[in-house]
Amino acid sequence: SLKDIKKDRTYVVISKSEGVVYKRLRPDFDNEKLILISDNENYLPYHIALEEVDEVWQYYAHLSFSDGRFTFHNMLEDKIQDMQKKINEMHKIVVI
């Protein structure tokens, strides 16, 4: 039941408009909607109407051999460093 959704827990949501997504949920039953929040800070929260929801599955756990958040931040740092290197190389070409 949608009424069993716990605030800020992770779920797999199957909806008519969004398809299948993994998000943290904040139910807003007064306004008949769910607020969906990504663990990835690059994506803004959004909401869907309760009538759009086909299924909700609570996400309990997964096995991983790396820290996904740590890996993601390392990937971003690597990309930024690569961009800085390329900008510096382009600047050297222009100056010469």
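Residues numbered from 1 in each chain as written. Predicted model: local features only at pLDDT ≥ 70, side-chain atom pairs only at ≥ 80, totals over all residues. Heavy atoms only, no water.

**So, the sheet that holds strand S5 (residues 53-58)**
Two pairing modes exist for strands in a sheet, parallel and antiparallel, and in both the strands are linked by backbone hydrogen bonds.
Turning to step 1, where the next piece is worked out: In spatial order, the strands read S4-S3-S2-S1-S5; together these five strands make up an open sheet with antiparallel pairing. The sheet is open, and its two edges are formed by strand S4 (46-49) and S5, each paired on a single side. Averaged over all pairs of adjacent strands, the angle between their axes in this sheet comes to 45°, without regard to strand direction.
Turning to step 2, where the next piece is worked out: Where strand S1 (residues 9-15) lies against strand S2 (residues 19-28), seven bridges are found, and the strand directions are antiparallel. Across the sheet, residue Ile14 finds its bridge partner in S2, namely Val20. (Pairing = 2+ DSSP bridges. Helix = DSSP H or I, 4+ residues; strand = E, 2+ residues; numbered from the N terminus. Axes fitted to C-alpha atoms, helices over the stretch in contact; angles between N-to-C directions.)

**So, the side chain of Lys23**
Turning to step 1, where the next piece is worked out: Structurally, Lys23 can be placed in strand S2.
Turning to step 2, where the next piece is worked out: With no salt bridge to any partner, buried Lys23 finds its closest opposite charge in Glu18, at an N-O distance of 7.4 Å.
Turning to step 3, where the next piece is worked out: If near-sequence neighbours (up to four positions away) are discounted, Lys23 is found in contact with Arg9, Thr10, Tyr11, Leu36, Ile37, Ser38 and Tyr46. (Buried < 20%, exposed > 50% of the residue type's maximum accessible area, 1.4 Å probe, protein only. Lys, Arg positive; Asp, Glu negative; His and termini not counted. Salt bridge = Lys/Arg side-chain N within 4 Å of Asp/Glu carboxyl O. Contact = heavy atoms within 4.5 Å.)

**Quick notes on the pattern of salt bridges**
Turning to step 1, where the next piece is worked out: Counted by the stated rule, this structure contains four salt bridges.
Turning to step 2, where the next piece is worked out: One salt bridge in this structure joins Asp54 and Lys16, with 2.8 Å as the shortest N-O distance. Of this pair, Asp54 sits in strand S5 while Lys16 is found in the loop between S1 and S2, placing the two residues 38 residues apart along the sequence.
Turning to step 3, where the next piece is worked out: For Lys16, a relative accessible area of 55% translates into the label exposed.

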